[in-house]
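# Summary of the model geometry
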Amino acid sequence: MFDQLEIIENRYEQLNELLSDPDVVSDPAKLREYSKEQSDLQETVDTFREYKQHKETIAESREMLGETDDKEMIDMLKEEIKMSEKELPELEEKLKVLLIPKDPNDDKNVIMEIRGAAGGDEAQIFAGDLFRMYSRFAEDMGWRTEVVEASASDHGGYKEISFLIQGNGAFSKLKFENGAHRVQRVPETESGGRIHTSTATVAVLPEVEDVEIDIRNEDLKIDTYRSSGAGGQHVNTTDSAVRITHLPTGVVVTSQDEKSQIKNRERAMKVLNARIYDMMEQEAHAEYAEKRKTAVGTGDRSERIRTYNYPQNRVTDHRIGLTIQKLDQIISGSLEDIINALTIEEQTSKLEELNNAGL
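Residues numbered from 1 in each chain as written. Predicted model: local features only at pLDDT ≥ 70, side-chain atom pairs only at ≥ 80, totals over all residues. Heavy atoms only, no water.

## Regarding the overall build of the protein chain
Regarding its fold elements, the protein chain presents 9 helices and 11 strands. Here the protein chain holds 359 residues, and 40% of them are scored as buried. Taking the contacts inside the protein chain whose residues are at least 6 apart along the sequence as the reference set, 60% of them involve residues at least 24 apart. Taken as a whole, the protein chain presents about 20000 Å² of accessible surface, with 47% of it coming from carbon and sulfur. (Helix = DSSP H or I, 4+ residues; strand = E, 2+ residues; numbered from the N terminus. Buried < 20%, exposed > 50% of the residue type's maximum accessible area, 1.4 Å probe, protein only. Contact = heavy atoms within 4.5 Å. Areas by Shrake-Rupley, 256 points an atom, 1.4 Å probe, with all protein chains shown as cover.)

## Description of the nonpolar core
Met-112, Ile-114, Leu-130, Tyr-134 and Tyr-308 are the most contacted members of the largest nonpolar core, which has 35 residues in total. Listed by contribution, the elements that provide at least two residues to this core are β1 (110–116), α5 (121–140), β3 (158–166), α6 (170–174), β5 (196–206), α8 (327–330) and α9 (336–356). The element best represented in this core is α5, accounting for 8 residues. Discounting chain neighbours no more than four positions away, the residues touching Met-112 are Tyr-134, Ile-161, Ser-162, Phe-163, Ile-165, Leu-174, Glu-177, Val-202, Ala-203 and Val-204. Grouped together as the second largest cluster of nonpolar side chains are 17 residues, Leu-15, Val-24, Phe-48 and Leu-99 included. (Core = buried A, V, L, I, M, F, W, Y, C linked by side-chain atoms within 4.5 Å.)

## A few points about the pairing of β5
For β5, a buried count of 8 out of 11 residues is recorded, marking the element as mostly surrounded by other parts of the structure. Both strand β4 (residues 179–185) and β5 contribute to a ladder of 7 bridges, which runs antiparallel. Bridge pairing in β5 places His-181 opposite Ala-200. (Pairing = 2+ DSSP bridges.)

## Looking at empty space enclosed by the protein
Summed over all chains, the structure comprises 1 cavity of 30 Å³ or more. Looking at the largest cavity, its volume works out to about 30 Å³. Around the largest cavity, the lining residues are Ile-111, Glu-146, Val-148, Leu-164, Arg-267, Lys-270 and Val-271. Ranked by residue count, the leading element in the lining of the largest cavity is helix α7 (residues 261–291), at 3 residues. Within the lining of the largest cavity, the residues separate by chemical class into 4 nonpolar, no polar and 3 charged. (1 Å grid on protein atoms, 1.4 Å probe; cavity = no way out; pocket = protein on both sides within 12 Å on 5 of 7 lines; lining within 4 Å. Points joined across faces, edges and corners; volume = space filled by probe spheres on them. Nonpolar A, V, L, I, M, F, W, Y, C, P; charged D, E, K, R; others polar.)

## Focus on a nonpolar patch on the surface
Together, Met-64, Met-73 and Met-76 give the surface a local cluster of nonpolar side chains, amounting to about 250 Å² of exposed area. Relative to the assigned elements, Met-64 resides in helix α3 (residues 28–65). (Patch = residues over 30% accessible without salt bridge, like charges linked within 9 Å, V, L, I, M, F, W, Y side chains within 5 Å. Salt bridge = Lys/Arg side-chain N within 4 Å of Asp/Glu carboxyl O.)

## Digging into the pattern of salt bridges
Counted under the stated rule, the structure contains 24 salt bridges. Here Asp-40 and Lys-36 are joined by a salt bridge, their closest N and O atoms 3.0 Å apart. Pair noted here: Asp-40 and Lys-36 are both in helix α3, with a separation of 4 residues, about one helical turn. The partly exposed category is assigned to Asp-40, whose relative accessible area is 39%. When its relative accessible area of 43% is taken as the criterion, Lys-36 is described as partly exposed. With a closest N to O distance of 3.1 Å, Asp-317 and Arg-306 form a salt bridge. Of the two residues, Asp-317 is situated in strand β10 (residues 314–317) and Arg-306 in strand β9 (residues 304–309); the sequence distance between them amounts to 11 residues.

## Regarding the sheet that holds strand β8 (residues 251–255)
If you trace the 3 strands from one edge of the open sheet to the other, you get β6-β7-β8, paired in antiparallel fashion. Sheet topology places β6 (220–225) and β8 at the edges, where each strand pairs with a single neighbour. For this sheet the average axis-to-axis angle between neighbouring strands, irrespective of direction, equals 15 degrees. Relative to β8, strand β7 (residues 241–246) runs antiparallel, the two sharing 5 bridges. Its bridge partner lying in β8, Ile-244 is registered against Val-253. (Axes fitted to C-alpha atoms, helices over the stretch in contact; angles between N-to-C directions.)

## Digging into the packing of aromatic side chains
All told, the structure shown has 4 aromatic pairs when counted by the stated rule. Ring centres 5.5 Å apart and planes at 65 degrees place the aromatic pair Phe-126 and Tyr-308 in the edge-to-face group. Residue Phe-126 is located in helix α5, and its partner Tyr-308 is located in strand β9; the two are separated by 182 residues in the primary sequence. For the pair formed by Phe-126 and Tyr-308, the shared burial category is buried. Seen in terms of ring centroids, Phe-137 and Trp-143 are 5.8 Å apart; in terms of plane orientation they differ by 85 degrees. Their pairing is edge-to-face. (Phe/Tyr/Trp six-rings, centres within 6.5 Å; stacked < 30°, edge-to-face > 60°.)

Printed below as a string of structure tokens:
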């Protein structure tokens, strides 16, 4: 582990030199690439240097203990050794976590798609609840949310809704939301007061740049039409809505939330890129997921991941057996406890893999 940390520190120093190189400074692409790489290494290097500083303090203090008879000095040196030795295990564990291979998508924006599934009107109302939950969480995080496409239901909520969440590290926080969410409650339309169970599915896709996948213009069929549904004065007056079909895969994306056809096309292309990239990722990871299912699941959209029980104000995440008795806060956007627990579980699982591999 420490050999690997030395390599990382050397690379960090090399990046410092590169970022001062006039050739790099004059090249925006290289400057951006090297700056991001250095930023990604910063916490690991700082923690490693803090660890080494404590090791040096212990070694120097022990050496000085053998060279003095001064009682006050001896007590001070022993206290320094004690404090530094106390810090080492915690720093070592932190370094292990920092060395876990990072998901390359973690820093990306997110495209989320929510669909009402089993349960009819109640499932669609629940889909709306989930959209508001994620929107409020994003707002608390200082992120920006933009609706790409929405199909509202007659009784409130959505048959389906796609939206973009823009913010640093959005995917790292929301990637665990992938799957089927179940709600247990008495619907407003239920006169007998019986508890119903309904579900909605959530898909979490990292936003990808055009350069990451090759989508040829000749593989796209682009249709424009007039917007329909709620939307303001522009509805049914201009052909601003856009439908893009990727012919090789059959993936279809529509966007009509913006007044501008150009903006709708841009949003639709973002979603198209993300969906095709997700298809490629799902295929690449299918074999791995079948062989080794982690504690936080495979990411299969059909996997039931969480239950929201309204009568008992309870939320249960089935992947890690976590139950929290504050559904009212969670459905209002306070997702931190669940996300933190899932992150820790994932890190623990990856640490076990690294330890088993002898790293």
